[in-house]
Amino acid sequence: MYDPSQLRTFLAVARTLNFTQAARRLGLRQSTVSQHVRRLEDATGRQLFARDTHSVELTEDGEAMLGFARRILEVHEQASAFFTGARVRGRLRFGASEDFVLTRLPEILEGFRLDHPEVDLELTVELSGTLYERLAAGKLDLVLAKRRPGDMRGELVWHDGLVWIGAERLRLDPDRPVPLIVYPPPGITRALALEALERQGREWRVVCTSGSLNGLIAAARAGLGVMAHSRRLIPPGLVRVPERSGLPELGRVDFVLVHGSRRTSAQGAADALATAIQAGGHRLQRRQREDD
């Protein structure tokens with residue numbers, strides 16, 4: 001029912017939100033990209049993108065199609081690999097940011113290992129900023145992490161809003177500095193939180209610093225302060241800080257997949273894992289305990 005080439009084009013446009021950039025990435029003419037999207041919309045009977053001369057945005061149906069397209073292409077590639085006898089192998093050094101500690105990423109990695117038993121997968125969990133440094137140094141082959149606003153590197157997995165979270169019983173005193181629970185530098189959410197408070201002219205003090213998400217969560221549950229966190233990944237036992245607290249808006253953040261710039265023997269394995277993560281992107285937006 002759905003042409004794989006049209007689905008790939010749809011995902012490229014969804015990642016870039018730009019038909020010209022998608023055409024450049026795919027090596028196609030812009031008219032071909034527009035044609036693929038139009039034919040996919042005809043096949044679904046739904047509008048997938050809201051577009052005008054200035055912007056391109058996914059519609060609600062387009063957001064739904066993201067998950068379907070990723071899963072369809074994942075199964076398509078698995079079938080192709082099975083029947084052509086292609087085997088992905090080699091050592092793959094994969095880095096994931098702390099944000100995914102409590103998500104269903106382990107299930108995606110387990111499925112990848114079962115599908116590709118000849119890949120030697122090495123996992124590094126670190127701060128997003130540290131992962132980028134290790135990727136640039138050639139110490140990682142693929143990274144799943146946040147990226148800073150304005151940074152165009154990587155393939156978009158999903159957008160999310162950053163929010164302030166803390167213990168439900170926590171009350172902030174407007175006359176005292178905001179108590180912050182943060183990652184150490186070069187944490188991206190740390191930088192965004194401090195920049196937002198500085199723009200507002202709000203005083204702050206760091207009450208807890210930890211490179212571990214579990215460490216930050218423990219401090220927040222104890223009521224020590226507030227932390228900036230992905231809206232869709234709020235840990236159990238913590239809640240959004242009410243707007244009446246007067247804390248500044250934190251904006252949005254992108255979660256992306258970034259390949260190393262050096263071509264290595266792990267390229268095939270990195271491409272296969274990237275496909276699996278894109279296909280399971282909707283599962284990354286749920287906590288491990290949600291369905292238990």
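Please refer to the structure higher up on the page.
Computed from a prediction, not measured in an experiment: that's the story for all the values here.

Enquirer: Before we go on, may I ask you to explain the nonpolar core in this structure?
Expert: Note on soluble globular proteins: their nonpolar side chains tend to be buried together. Within the largest apolar cluster, 53 residues are counted, with the highest numbers of intra-cluster contacts made by F94, L144, W164 and L284. Sorting elements by how many residues they give to this core places helix α9 (residues 267-279) first, with seven residues. Setting aside anything within four residues of it in sequence, one finds L144 in contact with F94, G95, A96, S97, F100, L105, L131, V157, V256, L257, I277 and L284.

Enquirer: Sorry, what's going on with the packing of helix α5 (residues 105-115) against α9 here?
Expert: Between two packed helices, the angle of one axis relative to the other and the distance separating the axes together describe the packing. One can describe the packing of α5 onto α9 by two numbers: an axis separation of 10 Å at closest approach and a directional angle of 135°. By the criterion of interaxial angle, the relationship of α5 to α9 is oblique. Both α5 and α9 take part in a crossing whose hand is right-handed. In contact with I108, L109 and F112 of α5, α9 contributes A269, A272, L273, A276 and I277.

Enquirer: What is the right way to read the packing of helix α1 (residues 4-16) against helix α3 (residues 30-44) from this model?
Expert: Direction vectors running N to C along α1 and α3 enclose 110°, while the axes themselves pass 9 Å from each other. Overall, the two elements α1 and α3 adopt an arrangement that is roughly perpendicular. On the side of α1, the interface is formed by S5, Q6, L7, T9, F10 and V13, while α3 contributes V33, H36, V37, R39 and L40. The residue makeup of the contact of α1 with α3, split by class, is six nonpolar, four polar and one charged.

Enquirer: Is there a simple way to think about α3 in this case?
Expert: Working note: α-helix, 3.6 residues per turn, so residues spaced by three or four point in the same direction. The end-to-end C-alpha distance of α3 is 21 Å, a good match for the 21 Å that 15 residues give at a rise of 1.5 Å each. Every buried residue belonging to α3 is among V33, H36, V37, L40, E41 and T44, and all of these are buried. Down the axis of α3, the sector holding all buried residues measures 130°, keeping them to one side. Once α3 finishes, G45 follows within two positions and takes phi at roughly 75°, a positive value.

Enquirer: What is the right way to read the environment of D3 from this model?
Expert: Within the secondary structure, D3 sits in the segment before α1. A sequence separation of 152 residues divides D3 from E155, and the C-alpha atoms of the two residues are 21 Å apart. Of the polar contacts made by the side chain of D3, one reaches the side chain of S5; its length is 2.7 Å.

Enquirer: For this particular structure, what's the right way to read unusual backbone geometry?
Expert: Only a minority of non-glycine residues have a phi that is not negative, and only a minority of peptide bonds are not trans. The peptide bond linking P185 to P186 adopts the cis configuration, its omega dihedral lying at 10°. Among the secondary structure elements, P186 is positioned in the loop between β7 (178-182) and α7 (188-200).

Enquirer: Looking at this structure, how should I read helix α8 (residues 213-221)?
Expert: What α8 keeps buried is the set L213, L216, I217, A219 and A220. For α8, the arc enclosing every buried residue in end-on projection is 160°, short of the 170-degree limit, so these residues lie on one face. The inward-facing, buried residues of α8 contact β7, β8 (204-209) and β9 (227-230). Backbone nitrogen of N214 and a side-chain oxygen of the N-cap are separated by 3.2 Å at the start of α8; the cap is S212. Positive backbone phi, approximately 80°, marks G223, located one or two places after α8.

Enquirer: What am I meant to see in the pattern of salt bridges here?
Expert: In a structure, side chains of opposite charge can pair up when their charged atoms sit close to one another. In total, this model carries 11 salt bridges according to the counting rule given. Residue R51 is joined to E41 by a salt bridge in which the shortest nitrogen-to-oxygen separation is 3.4 Å. In this pair, R51 is assigned in strand β1 (residues 49-51) and E41 in helix α3, connecting sequence segments 10 residues apart. The salt bridge partner of R147 is D254, with a shortest N-O separation of 3.1 Å. With R147 in strand β5 (residues 142-147) and D254 in strand β11 (residues 252-259), the pair connects residues that are 107 residues apart, well separated along the chain.

Enquirer: Got a minute to help me understand the packing of aromatic side chains in this structure?
Expert: Given two aromatic rings, one states the distance between the centres and the angle between the planes to describe the pair. Applying the stated criterion to the full structure yields five aromatic pairs. Ring geometry for F100 against W158: centres 6.1 Å apart, planes inclined by 80°, an arrangement best described as edge-to-face. Highlighted residues: F100 in the loop between β3 (90-97) and α5 and W158 in strand β6 (residues 155-166), separated in sequence by 58 residues. F100 sits in the buried class, given a relative accessible area of 3%. With a centroid separation of 5.5 Å and 70° between ring planes, the pair formed by F100 and F255 is classed as edge-to-face. Of this pair, F100 sits in the loop between β3 and α5 while F255 sits in strand β11; the two residues are 155 residues apart in sequence, bridging distant segments of the chain. As far as burial versus exposure is concerned, F100 and F255 are alike and both buried. Taken together, the aromatic side chains of F10, F19 and F49 make up a single cluster linked through ring pairs.

Criteria and thresholds
Residues numbered from 1 in each chain as written. Predicted model: local features only at pLDDT ≥ 70, side-chain atom pairs only at ≥ 80, totals over all residues. Heavy atoms only, no water. Core = buried A, V, L, I, M, F, W, Y, C linked by side-chain atoms within 4.5 Å. Buried < 20%, exposed > 50% of the residue type's maximum accessible area, 1.4 Å probe, protein only. Helix = DSSP H or I, 4+ residues; strand = E, 2+ residues; numbered from the N terminus. Contact = heavy atoms within 4.5 Å. Axes fitted to C-alpha atoms, helices over the stretch in contact; angles between N-to-C directions. Parallel < 35°, antiparallel > 145°, perpendicular 65-115°, else oblique. Left-handed = near helix turned anticlockwise from the far one by under 90°. Nonpolar A, V, L, I, M, F, W, Y, C, P; charged D, E, K, R; others polar. Expected span 1.5 Å × (residues − 1). Arc of directions from axis to C-beta. Polar contact = N/O pair within 3.5 Å; in protein donor to acceptor, adjacent residues only side chain to side chain. Salt bridge = Lys/Arg side-chain N within 4 Å of Asp/Glu carboxyl O. Phe/Tyr/Trp six-rings, centres within 6.5 Å; stacked < 30°, edge-to-face > 60°.

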